[in-house]
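# Coordinate inspection notes
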Amino acid sequence: MTQSQLTDLPENKLPTSNDVPAYEGTTERKDNWWVEPALIAFVFTAFGIYSMFRAFENNLYEVGPYLSPFYSPNLKQYVPWFPLSPAFLILWIPLSFRATCYYYRKAYYRSYFLHPPACTVGMFKGKGYTGEQSFPFVLQNLHRYAFYFAVPVLLILWVDAFNTVYYGGAFHMSVLTVVMFANCILLSGYTFGCHACRHLVGGKEDCFSCPKNEQKLKPAFQAWQLVTKFNERHQQWAWTSLISVALTDLYIRYTCVDPSLAFQIF
Amino acid sequence: MTEYETREHDVLVIGAGGAGLRAAIEASGQGVSVGLVCKSLLGKAHTVMAEGGVAAALANVDPKDGWETHFKDTMNGGKMLNHWRMAQLHAQEAPDRVKELERWGAVFDRTKDGKILQRAFGGHTWKRLCHVGDRTGLEMIRTLQDRGVHQGIEVYMECTITELVKDGDKIAGAFGYYREDGRYILFKAKAIVLATGGTGKAYTITSNSWEYTGDGHGLAYDAGAELIDMEFIQFHPTGMVWPPGVRGILVTEGVRGEGGILRNSLGERFMFKYLPEATRNDYAADEAEAVTWVNAALAGNRTEARRPPELSTRDNVARAIYTEVKEGRGSPHGGVFLDISYQDSDRVKKKLPSMYHQFKDLADVDITAGPMEVGPTMHYTMGGIRVEAETQMSRVPGLFAAGECSGGMHGANRLGGNSLSDLVVFGKRAGAAAADYAKAMPTSLKIDDKFVNAAIAEMEEFFLRKEGKNPYDVHKELNKIMGTYVGIFREESELAIGVAKLEELKAEIKKAGAKGSKAFNPGWHMCRDLRNMMICSEAIARSALSRKESRGAHSRLDFPNTEKEWGTKNSACSKDENGNMKLEHTPLPEMPQDLKEIFVKKEPVNA
Amino acid sequence: MPESSGTGRQATLKVYRGTKDKGEFQSYKVPVEAGMVVLDAIHYIQQNFDPELAVRWNCKAAKCGSCSAEVNGMPSLMCKSRMDQFKDDEDICVQPLKTFPIIKDLVTDVSWNYEVNKKITPFSPAPDADWTIYQEDIERVQEFRKCIECFLCQNVCHVLRDHERKDNFMGPRFMVRVAGLEMHPLDEANRLKYLKDEGHIGYCNITKCCTEVCPEDIHITDNAIIPLKERVVDEFYDPLGKFIRNLLGGGKKTKASVQPVSITPSK
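Residues numbered from 1 in each chain as written. Chains lettered and ligands numbered in written order. Predicted model: local features only at pLDDT ≥ 70, side-chain atom pairs only at ≥ 80, totals over all residues. Heavy atoms only, no water.

## Comments concerning the overall build of chain A
This is how it is decided: Helical segments are the DSSP runs of H or I of at least four residues, strand segments are the runs of E of at least two, and each set is numbered from the N terminus. We compute the radius of gyration from the C-alpha atoms alone; for a globule the expected value is 2.2 Å times N to the 0.38, where N is the number of residues. Working rule for contacts: check all heavy atoms of both residues, and any pair within 4.5 Å makes them a contact. Using a 1.4 Å probe, accessible areas were evaluated by the Shrake-Rupley method; residue-level cover was limited to the displayed protein chains. His is not counted here, nor are the chain ends, while Lys and Arg score as positive and Asp and Glu score as negative. Charge placement uses NZ in Lys and CZ in Arg. For Asp and Glu, CG and CD serve respectively.
What chain A contains, in helices and strands, is 8 helices and 4 strands. For chain A, the succession of helices and strands along the chain, N to C, is α-β-β-α-α-α-β-β-α-α-α-α. Since a compact globule built from 266 residues should have a radius of gyration of about 18 Å, the 23 Å found for chain A marks it as more spread out than a globular shape. If you take every contact in chain A between residues at least 6 apart in sequence, the share linking residues at least 24 apart comes to 68%. Accessible surface for chain A amounts to roughly 13100 Å². Of this, 69% is attributable to carbon and sulfur atoms. The average position of the 20 basic charges and that of the 17 acidic charges among the side chains of chain A differ by 4 Å.

Structure below.
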């Protein structure tokens, strides 16, 4: 890596962090800073194991009008030659969307990579660090492409939810339908609060109301404001939607075993 | 022989607040080499504490505004003791200086039609203060700082000047030390601009930071300049009073500008009682009219209603609060109540964000839910180095002064918002004049070694006082004298005691000593700062004792009236040949006829 | 100080005394008053026990950003750290910033930050700009301009703190500054290449500690860094998007590249 023109200071004039003696350990923090990253690591791991189990299970994902979000859209009929569970045809989309998500990046850099596990806790030192500037993490910059793929998948989940309302020529309602709609709402809040989305709908502009723009950017401004509202709670949307997807799938799995569990209302 | 570093510049600016930075930018823009010395890190100067706004008659909100009205307000606020030419230049040039800040990247709050928004402030006839929420000073200093770093100005951070050095009668340089390691430095300079601010640290309860030790006043006085109007110390009416750790910290006048109401412990809106006869007609007659004004202001509409009595001038509001407390109608912690909580809480948070956080974090008070407790706090030194209006040069050739450390602009009382505009208007003028002066001087000046040696000896001596007094104790003593005998209300006998006690304290200052090394040693720094504070305190006390009338910020219990003959005199302190303080009363420059007429004309409405 | 305001409590402060090479924690007992903050306690020590104790401070109202330190391991402004947040028997540990070299006691050498600032292309409006600006267009920029340069974000950032990338990484403070310039409605300069290749915005892995410690509540990561990262993506990592934008002609305006103002190097 070439020396950048960040400052005019020669290499030997660059300041270095203090080592001794005030900072002997990794941190001077006295609170339980490790609880949060540990908890996050635990939940991520649990979700990962569960979703892998469900993807490999290749069963108990569709009953009546209900289709599990892990298997939607079901592409099996289009690629019958595909040897694995059809979940794999689709799961990479939400997975890559979440893996490159700015919130999840923070969470797993802290919990898994310990870079850093918590503020002022210096587990790793060393000058080689380049973060997201080089491979593989430079790929995080493709987040917006993951977003482009995630939007149609989300739309299909909405269609799935509506399909449970009108089937067999009549309207129906069940607890499971309500759960599926709730899941769609949470996923939408998460997807449309995405930082890349916020940038694309309007954040990239510098001036919405400048006289030279002649009101052309008013809609962009409004969209940007709306997305910003969701974006402010991106972390909460990320967690609730993650859990709701798993729970919706779990619910459908049990409904596959015992259809009465859908709790038909009418 | 102790070693020291030598640097040479055409213009040396001492102080890197608004005035210093503006002067440095101007001078370096004229192509001379500029050094900028600051006692703190760059961008930390006291200008960041200025909250309410910068006064400039842009007439964006009230189209009837113009420089004449601003000039008139300033002179009336200063009780006609201002240097008329400075007040005129200030009113005329402030709008351009504000627009210039915007061109340099300052981001002011906007009106609905996309212009710079202006708010009401005490003593200003029209809504005149351009602002950024309640952090206008920060915006200004950051804008100037970022402008300055790209102009090749050499900045000497955390460096204190202890002596100005002359060659004959002309300024030739300055001597000082780096706070970091106590290393000495000599600056050779053809012109020096002082922009060191005021002397708030002479008082215990003050909105000023540790830097405010009257350095520029002290340095200029020692170099032969005059200090004028030193008796006029502005006590800002609203400082925090509780908890003790934050006592004196400023509560912006913007709170009142946005409609804040002052009440005593009986719930009375007492300011109606304290409006001086002369300006009573400029203010609302009753609560109903004040409410109409606030509602119109909130809605961004114009109104014929007059402004609330809380927007009277600062000297007046401070005296009112002091009197209410003294007469037993104060709040639990010895202040009065300032209430903005009747307004929509989101709006308050948006317009006064740092006030909201300041009270929430430091005092556990939610200003959107209940009133604040406030009381007077030492805020501003109206007096200062006497300078020539156009060039800001003092009577010492090559020595310029701008901003709070210069005198004359604000007269007996400064209007809120006139300080930030003062900084940029006269900062620019001083910078330009200093550059011109330096350019006109062909040869470099000589600095005699004996000055440098004496300056070094002075700083080294503090370490030789082995059984020296703790400088902080001496400082506390000084504060006590100033607070007790030279406070808001003054009278002959007390001032005389104050002067005598200060005289005694001079001996104590000579005993203050430092321990340890020269590396970042605040005790050592304090030893030297005491000398400047003493010069200012003495000038304040002596000038106050001599002015036998009440005018603006100077309130004499034994002389409660404003006297016509005192209105033509400035008190001027200078050092006589024996090194003692000499006090003279010099005639105020006469205002030309065309300006006098401004005061005769009747304002159309709302005046 | 008024007697009535005392709480009768004594706090124990462990304050770092020394230089970058040598030093130790020294304990002081300080009486606690109502509403007291750590900076008050430090001043008490200075005035009563040790005038030599070095500390940087100015406004004491969280407006100047001078009194940055680490209190019980958390980077914070001492003037904002209330004493009543600590338990009665708790030692309060006060130490200087870790990321910048200690000069003495609680004072560190933060001059590197000023060097970084010098290299950022300044505000560059068009000469014929229309200065009609609406509030909604500057609110975003105003948030960034709240920054008081306390450098707590620079201190906590692990890229500077632990990985010592002061050779190549500008740090959160200057991403906030660049965001304030890039998103200014009338600025015409383009700092995206600078962000990527000089400031190395890519080093930031958005772990948000800067946001956590910001005393001005600036949403550094969400509102400054991430939007800048997305703008860098527009320019350098999104060939498809760029192709389409070029095809359509309009879309995002391409800003004229303005040459940075020349800077006299410091001697």
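## Details of the state of the cysteines
Keep this limit in mind: A pair of sulfur atoms, both from cysteines and within 2.5 Å, is called a disulfide here. Buried residues are those whose accessible area, probed at 1.4 Å on protein chains only, stays under 20% of the maximum for their type, while exposed residues exceed 50% and partly exposed ones sit between those limits.
Counted by the stated rule, this structure contains 2 disulfides over all chains. There is a disulfide in this structure between cysteine 119 of chain A and cysteine 209 of chain C, and the S-S distance comes to 2.1 Å. Between cysteine 119 of chain A and cysteine 209 of chain C, the disulfide has an S-S torsion of -95° and is therefore left-handed. Here cysteine 119 of chain A, found in the loop between α3 (102–111) and α4 (143–163), pairs with cysteine 209 of chain C, found in helix α8 (residues 209–213), and the two come from separate chains. According to the relative accessible area criterion, cysteine 209 of chain C is buried, its value standing at 6%. A sulfur-sulfur separation of 1.8 Å characterises the disulfide bridge that pairs cysteine 207 of chain A with cysteine 210 of chain A. On the sign convention where negative means left-handed, the S-S torsion of about 95° between cysteine 207 of chain A and cysteine 210 of chain A marks this disulfide as right-handed.

## Quick notes on the interface of chain B and chain C
What counts is decided by this rule: Defined here as a combined quantity, buried area equals the accessible surface (1.4 Å probe) lost by two parts on assembly, summed across both. Put simply, a salt bridge is a Lys or Arg side-chain nitrogen that is within 4 Å of an Asp or Glu carboxyl oxygen. Think of a polar contact as two N or O atoms within 3.5 Å of one another; within protein, one of them needs to be a possible hydrogen donor and the other a possible acceptor, and neighboring residues in sequence only count if both atoms come from side chains. Three classes are used: nonpolar for Ala, Val, Leu, Ile, Met, Phe, Trp, Tyr, Cys and Pro, charged for Asp, Glu, Lys and Arg, and polar for all others, with Gly counted as polar.
Residue-level contacts link 66 residues of chain B with 61 residues of chain C. Counting each side, the surface lost to burial between chain B and chain C is near 5200 Å², with a carbon and sulfur contribution of 53%. In this structure, aspartate 146 of chain B engages arginine 177 of chain C in a salt bridge whose closest nitrogen and oxygen atoms are separated by 3.0 Å. Linking chain B to chain C there are 40 residue pairs in polar contact (both at pLDDT 80 or more). Secondary-structure elements contributing two or more residues to the side of chain B that touches chain C are α3 (84–103), α4 (136–149), α10 (353–363), α13 (471–485) and α15 (522–546) of chain B. The dominant element in the side of chain B that touches chain C, judged by the number of residues it contributes, is α10 of chain B, at 8 residues. Looking at side-chain class alone, the side of chain B that touches chain C contains 25 nonpolar, 17 polar and 24 charged residues.

## So, the sheet that holds strand β13 (residues 336–339) of chain B
Residues and elements named next belong to chain B. Threshold: Between any two strands, at least two bridges found by DSSP are needed for them to pair. The axes used here are C-alpha line fits, helices contributing only the stretch in contact, and every angle between their N-to-C directions lies in the interval 0 to 180 degrees.
Spatially, β11-β14-β13-β12 is the arrangement adopted by the 4 strands of the open sheet, whose pairing is antiparallel. Looking at strand neighbours, the two that pair on one side only are β11 (233–240) and β12 (261–263), the edges of this open sheet. Strand-to-strand, the axes of this sheet are offset by a mean angle of 45°, without reference to chain direction. Of the strand pairs in this sheet, β11 and strand β14 (residues 372–381) are connected by 6 bridges, and their pairing is antiparallel.

## Here we look at the arrangement of the chains
Looking across the 2 pairs of chains in contact, one finds the most contacts between chains A and C. At no point do chain A and chain B touch; the closest pair of C-alpha atoms across them sits 9 Å apart.

## Comments concerning the domain arrangement of chain C
Residue and element names in this part refer to chain C. For the record, the criterion: Just so you know, the domain bounds were taken from an automatic or database domain assignment.
Considered domain by domain, chain C is made up of domain 1 (3–108) and domain 2 (111–248). At the interface, 16 residues of domain 1 touch 17 residues of domain 2. With both chains or domains summed, domain 1 and domain 2 bury close to 1200 Å², and 58% of this area falls on carbon and sulfur atoms. On the domain 1 side of the interface with domain 2, the three residues burying the most area are Pro75, Thr99 and Phe100, jointly 45% of the side's total. Measuring nitrogen to oxygen at the nearest pair gives 2.8 Å for the salt bridge that ties glutamate 70 to arginine 161. Secondary structure elements with two or more residues in the side of domain 1 that touches domain 2: β3 (68–71) and β4 (74–77). Residue composition of the side of domain 1 that touches domain 2, by class: 8 nonpolar, 4 polar and 4 charged.

## Quick notes on the pairing of strand β8 (residues 170–178) of chain B
Residues and elements named next belong to chain B. The element β8 is extensively covered by neighbouring structure, given that 8 of its 9 residues are classed as buried. With 8 bridges connecting them, strand β7 (residues 159–167) and β8 associate as antiparallel partners. Counterpart to leucine 164 in the pairing with β8 is alanine 174. Between the end of β7 and the start of β8, which pair antiparallel, lie 2 residues, with glycine 168 showing a positive phi angle near 65°. Where β8 lies against strand β9 (residues 184–194), 5 bridges are found, and the strand directions are antiparallel.

## As for the packing of aromatic side chains
Here is the rule: Working definition: rings of Phe, Tyr and Trp (its six-membered ring) pair if their centres are within 6.5 Å, and the pair is stacked with planes under 30 degrees apart, edge-to-face with planes over 60 apart, and tilted otherwise. Here, a charge over a ring is recorded when the distance from Lys NZ or Arg CZ to the ring centre is within 6 Å and its angle to the ring normal is within 35 degrees.
In the structure shown here, the tally under the stated rule is 48 aromatic pairs over all chains. Clustering of aromatic rings is evident, with ring pairs tying together Phe44, Phe97, Tyr103, Tyr104, Tyr112, Tyr145, Phe147, Tyr148, Tyr190, Phe192 and Trp239 of chain A. Against the face of tyrosine 190 of chain A rests arginine 98 of chain A, its NZ or CZ located 4.3 Å from the ring centre. The ring of tyrosine 283 of chain B has arginine 307 of chain B lying over it, and the distance from NZ or CZ to the ring centre is 4.6 Å.

## Quick look at the pattern of salt bridges
Residue and element names in this part refer to chain B. For the coordinates displayed, the defined rule picks out 98 salt bridges over all chains. For arginine 386, the salt bridge identified is with glutamate 226, shortest N-O distance 2.9 Å. Here arginine 386, found in strand β15 (residues 384–386), pairs with glutamate 226, found in the loop between α5 (215–223) and β10 (227–228); they are 160 residues apart in sequence, far enough to count as distant. Here arginine 386 falls in the partly exposed class, since its relative accessible area comes to 22%. When salt bridges with common partners are traced through the structure, they connect Glu163, Asp222, Glu458, Arg528, Arg531 and Lys575 into a single cluster.

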